[in-house]
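# Observations on chain architecture
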Amino acid sequence: MTASVHLQAEFNFKESLTAQRLKVQRLQNLFAGLMALCIYCVVSDAIVTGLLELTLLLVFLRARQALTRSAAVESLVVQNKNATASINGQQHSLSAYGLDYFSSYLALVSLTTVAGQTYRCFVFPDLLGAVKYRQLLALLKAAPLRAAPMVSAKRLT
């Protein structure tokens, strides 16, 4: 016997969008700094150290650029089997959503539109609110909406 679960929730990320991007940039800075320090301490050759540090700097700048150009997920609304998201001011129906990563400090939410575009957004509990953050995690862990697997048709001859 299965019980039907009625999922209904609304999450607004618009007010904390700028603060969340700043937190992600701080995490990037911390990670890049730790990696640079690790390279400096572990590698003894000055030329190899310089090349590794330059590579790390290029990767860091590319990640920073991707973050500034990324789409802004402003809200997520889930009602039973339907989900919509407001992305860059436009409403999109979702074919799939779920958690890519989560901890007590950070969650990475993946949203796939009906058109097939995938968007990811970072969510921090102190910016969203502890209760809403736990509700978001519970919703995405309990009954994630997933796209149906693509089935290729074979021709019988």
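A few points on the structure. Here the structure is a predicted model, which is why all the values come from computation and not from measurement.

## Remarks on the sheet that holds strand S2 (residues 73-79)
Two strands in a sheet stick together by hydrogen bonds in their backbones, pointing the same way (parallel) or opposite ways (antiparallel). Here six strands make up an open sheet; going across it, the order is S1-S2-S3-S4-S5-S6 and the pairing antiparallel. Every interior strand has two partners, whereas the edge strands, strand S1 (8-12) and strand S6 (118-123), have only one. The sheet shows a mean angle of 30 degrees between the axes of neighbouring strands, taken without regard to direction. Judged from the four bridges that link them, strand S3 (residues 82-87) and strand S4 (residues 90-102) form a sheet pairing that is antiparallel. Across the sheet, isoleucine 87 pairs through a bridge with glutamine 90, a residue of S4. Helix-sheet contacts for helix H4 (residues 130-142) involve S1, S2, S4, strand S5 (107-113) and S6, and the interaxial angle to S1 is about 130 degrees.

## Some words on H4
In a regular helix each residue adds 1.5 Å, so 13 residues correspond to 18 Å; H4 covers 18 Å between its end C-alpha atoms and thus fits that length. If you check which residues of H4 are buried, you get Tyr133, Leu136, Leu137, Leu139 and Leu140. Down the axis of H4, the buried set is contained in an arc of 165 degrees. They therefore lie on one face. For H4, exposure combined with an orientation more than 90 degrees from the buried face picks out Val131, Arg134 and Ala142. Structurally, H4 contributes buried residues whose contacts are with S1, S2, S4, S5, S6 and helix H3 (125-128).

## A look at the pattern of salt bridges
Per the counting criterion, the structure on display carries two salt bridges. Measuring nitrogen to oxygen at the nearest pair gives 2.6 Å for the salt bridge that ties arginine 120 to aspartate 100. Separated by 20 residues along the polypeptide, arginine 120 in strand S6 and aspartate 100 in strand S4 bring together distant segments of the chain. The exposure class of arginine 120 is partly exposed, given its relative accessible area of 47%.

Criteria and cut-off values
- Residues numbered from 1 in each chain as written.
- Predicted model: local features only at pLDDT ≥ 70, side-chain atom pairs only at ≥ 80, totals over all residues.
- Heavy atoms only, no water.
- Pairing = 2+ DSSP bridges.
- Helix = DSSP H or I, 4+ residues; strand = E, 2+ residues; numbered from the N terminus.
- Axes fitted to C-alpha atoms, helices over the stretch in contact; angles between N-to-C directions.
- Contact = heavy atoms within 4.5 Å.
- Expected span 1.5 Å × (residues − 1).
- Buried < 20%, exposed > 50% of the residue type's maximum accessible area, 1.4 Å probe, protein only.
- Arc of directions from axis to C-beta.
- Salt bridge = Lys/Arg side-chain N within 4 Å of Asp/Glu carboxyl O.

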